[in-house]
Amino acid sequence: MVATQETIDKVKEVSSTYKYGFVTDLEADKAPLGLSEDIVKFISHKKKEPKWLLEWRLKAYKKWLSMEAPDWAMVDFPKINFQDIYYYSAPKTKPKLNSLDEVDPELLRTYEKLGIPIKEQKVLAGVAVDYVFDSVSVATTFRKKLAKEGIIFCPISEAVQSHPDLVKKYIGSVIPISDNYYAALNSAVFTDGSFVYIPKGVKCPMELSTYFRINEQNSGQFERTLIIAEDNTYVSYLEGCTAPQRDENQLHAAVVELVAMNNAEIKYSTVQNWYPGDKDGKGGIYNFVTKRGNCLGQKSKISWTQVETGSAITWKYPSCVLKGDDSVGEFYSVAVANNAQQADTGTKMIHIGKNTKSTIISKGISAGKAQNTYRGQVQIQKNARGSRNFTQCDSLLIGDKCGAHTVPYINQFTPYARVEHEATTSKISEDQLFYCLQRGLDTEQATSLIVNGFCKEVMKELPMEFAVEAQKLIGISLEGSVG
Amino acid sequence: MSLLEIKNAKLKVDNKDILKGLSLSVNSGEVHAIMGPNGSGKSTLSYMLAGRDGYELESGKVFLDGQSLSDMEADERARSGLFLAFQYPVELPGVGGMSFLREAVNSRRKFLGEEELDHLAFVKEARKVASKMFVKDEMLKRAVNVGFSGGEKKRFEILQMAMLKPKVSILDETDSGLDVDALKIVSDGVNEQRTNDNAIVVITHYQRLLDYIVPDFVHILSDGIIIKSGGPELALEVEKNGYAGLINAA
């Protein structure tokens, strides 16, 4: 937590020019190191939360104390000392730089390769922009438009104040506090995240994106998102950013809950590019995320699309609980692991209602000495007659020191259902590389092209502008892995 | 002016001598045919020229338009204007034909200091060239060589050649796997690209391709060296007497 110390020092340094006890205020905006009941109360108090939420947090904290960290995933990392983490600090303002010249050139090169416009680069890198930044005004316009449709899209901490009934009704309804170790931890200490509510009959007129909140405060390491889609609605939500994201917090344990009512469709797309650590695996984010969607209504549909290229360790299984008859769950995933990265990711499709359908397309790419595991569960419960699942898991190996593993769990409790599982493992062949080189592509272009071809079925599920950036991102993530 | 110059090329593959001092000079505007029996070193020659890993010269030199190739990687050679039409074009699952072509063409253009073509301009150009090669739009939308018939694969190779406008093209057994109709289409495509500024080297077993792509020179490759050179009539001699007669005579 060196960087945190740096922040404090910096604030102290700056604050000498301020007269009104700036330091004291700021210091009070930071909870002491470690986790205890008092810290949970502190967070809740800071956020001026209602009593029910504090109680909910405390219950989660107690539950967490009684739980053990899961050890079944194929990832290997030193035990986390949960008392060595700060669970609350005031929104951090990034250090303001005067121009892009002051930004780490390596970061700029990556931005360039991703084709991020200069203005956006400045915001991402924390350069002071003295004119009104486009996206801010755009965001304001969009927010007005959304409000007109009755759509609520705001930070969840805001929703706790403005729409407490909705939050109270649905928070923890998909992922109960006792669900798993990291979800319990998140429930106790979550700081912020997004809240989306789509009222009956409304098709959200635009992609909702965390991008529009880029200038707002950092949601921190324990993010919590809740999306509710009422009857006959549609919403597409984009999370993350292709630009490399660095964070001084090593542990990230987010929770995302989705609820879809009758005939509602939620499409949730993620591009994750957290710092993966160096070549030897030093540093890098631990990304332990719980994401789940409840298809509560008939003919409801939840679709997860993820492109995971970052983080030292990824532990993530976006899932669908198909309760409503004829509901549909989809999972499209590309997971890239290079160097010392470890990814254990997949999905759960729980078929409860009749004639429910699920599709799983997983593309795992391993390079360097990385380990990449697909872990997926398909459960067809007793009453889920007429249900179907199709699973396809493909692994691509680059080099001979990496690994790919596929661990499917299939539980079928009715004979009146069909479950299919296909899996392949392949390597980029020397013939393929030579063919591309002979056409004038360099090794990196060639690798990127072949890998993107391999992931095509998933990439086409991403919203257009996201897909283009994600393609470049995959190429960049694999740089130096061939040749 | 010599566009391709091979001087006393020697090369081993898996510790076995394959090229044993091969020399060849190809001037701009010329079409050369290299004929030879199985195992004479024809494919090795094309891989050596294209710069495939494992096919580095042990001794000797190769020049492309006066520039030595010895320090150039396969992709640099390609961008400099060396094209190899593969005997067995490789499948690239999920990689669309059009985007593959565009990447290749823009790499070459960038190297030449020309502006990269934007999507629309490129598609227009590609369609124009493709229609001459009887390559349908639908084929360009498919993944490169995946599920292509033998004829489609070769047509796609020649389409790439036409788009890349190389200085020197090496056609490795381009006739293999083609029926007469396809052979004609492919040959027409090649012939159309013959100019005074480029050169084509056709590597083949059989004389029949040379009925369609008529060479200026024919060379007989045997056991890693060229044993005889001549005009188109030499190919007819092979057709009549087989390689054995020529090899024994040499």
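Residues numbered from 1 in each chain as written. Chains lettered and ligands numbered in written order. Predicted model: local features only at pLDDT ≥ 70, side-chain atom pairs only at ≥ 80, totals over all residues. Heavy atoms only, no water.

1. Things to note about the overall build of chain B
What chain B contains, in helices and strands, is 9 helices and 10 strands. Burial statistics for chain B: of 250 residues in total, 54% are counted as buried. Within chain B, contacts between residues separated by at least 24 positions form 70% of all contacts whose residues are at least 6 apart in sequence. About 11,200 Å² of surface is accessible on chain B, with carbon and sulfur atoms providing 49% of the total. (Helix = DSSP H or I, 4+ residues; strand = E, 2+ residues; numbered from the N terminus. Buried < 20%, exposed > 50% of the residue type's maximum accessible area, 1.4 Å probe, protein only. Contact = heavy atoms within 4.5 Å. Areas by Shrake-Rupley, 256 points an atom, 1.4 Å probe, with all protein chains shown as cover.)

2. Observations concerning the packing of aromatic side chains
On inspection of all chains with the given rule, the structure shows 24 aromatic pairs over all chains. On the numbers, 5.5 Å between centres and 80° between planes, the contact of Trp315 of chain A with Tyr317 of chain A is edge-to-face. In this structure Trp315 of chain A comes out as buried when scored by relative accessible area, which is 5%. Relative accessible area serves as the criterion here: at 11%, Tyr317 of chain A is assigned to the buried category. Ring centres 5.9 Å apart and planes at 85° place the aromatic pair Phe148 of chain B and Phe156 of chain B in the edge-to-face group. On the accessibility criterion, Phe148 of chain B (7% relative accessible area) is buried. (Phe/Tyr/Trp six-rings, centres within 6.5 Å; stacked < 30°, edge-to-face > 60°.)

3. Remarks on unusual backbone geometry
At Ser311 of chain A, a residue that is not glycine, the phi angle is positive and equals roughly 70°. Here Ser311 of chain A is to be found in the loop between strand E10 (301-308) and strand E11 (313-316). Here Asp223 of chain B, not a glycine, exhibits a phi torsion of approximately 50°, which is positive. Inspection of the secondary structure puts Asp223 of chain B in the loop between strand E9 (217-222) and strand E10 (225-230). Judged by its relative accessible area of 48%, Asp223 of chain B is partly exposed.

4. Quick look at the pairing of strand E3 (residues 31-35) of chain B
Residues and elements named next belong to chain B. Where burial is concerned, most of E3 is hidden: 5 out of the 5 residues are buried. Covered by surrounding structure in E3 are Val31, Ala33 and Met35 together with His32 and Ile34, the residues of both alternating faces. Two strands pair when backbone bridges link them, and E3 and strand E8 (residues 199-204) are joined in this way by 5 bridges, in the parallel orientation. In the strand pairing of E8, Met35 is matched with Thr204. When E3 meets E9, the two strands line up parallel, connected through 4 bridges. By the bridge assignment, Ala33 is partnered in E9 with Val218. (Pairing = 2+ DSSP bridges.)

5. Some points on the confidence of the model for chain A
Residues and elements named next belong to chain A. The pLDDT averaged across chain A works out to 82; a share of 78% of its residues lies at or above 70. Here residues 127-137 is modelled with pLDDT under 50, and outside its nearest four sequence neighbours on either side it reaches 20 contacts, counting other chains as well. Across residues 212-219, confidence stays below pLDDT 50; counting only partners more than four residues off in sequence or on other chains, it has 25 contacts. (pLDDT = per-residue confidence, 0-100.)

6. Remarks on the interface of chain B and chain A
Interface size is often expressed as the accessible area that is lost when the parts come together. Contacts between the two partners involve 32 residues from chain B and, on the opposite side, 19 residues from chain A. Summing both partners gives a buried area of about 2,000 Å² for chain B against chain A, and 61% of it is carried by carbon and sulfur. Linking chain B with chain A are 2 salt bridges. Notably, a salt bridge pairs Arg52 of chain B with Asp431 of chain A, separated by 2.6 Å at the nearest N-O pair. Applying the counting criterion to the chain B and chain A interface returns 13 residue pairs in polar contact (both at pLDDT 80 or more). Mapped onto the side of chain B that touches chain A, the elements with two or more residues apiece are helix H1 (42-50), helix H2 (74-79), strand E6 (82-85), helix H3 (97-111) and helix H6 (150-164) of chain B. (Buried area = accessible area lost by both parts, 1.4 Å probe. Salt bridge = Lys/Arg side-chain N within 4 Å of Asp/Glu carboxyl O. Polar contact = N/O pair within 3.5 Å; in protein donor to acceptor, adjacent residues only side chain to side chain.)

7. A few points about helix H9 (residues 233-249) of chain B
Along an α-helix, a turn takes 3.6 residues, which lines up residues three or four apart on a common side. All names here are of chain B. Taking 1.5 Å as the rise per residue, H9 with 17 residues should run 24 Å; its terminal C-alpha atoms sit only 17 Å apart, a clear shortfall. Residue Asn241 marks the point of greatest curvature in H9, where the axis turns by about 105°. Those residues of H9 that fall on the buried side of the exposure criterion are Leu234, Ala235, Val238, Tyr243 and Leu246. Buried-residue contacts for H9 involve E3, E8, helix H8 (208-212), E9 and E10. (Expected span 1.5 Å × (residues − 1). Bend = angle between axes of the 7 residues up to and from the residue.)

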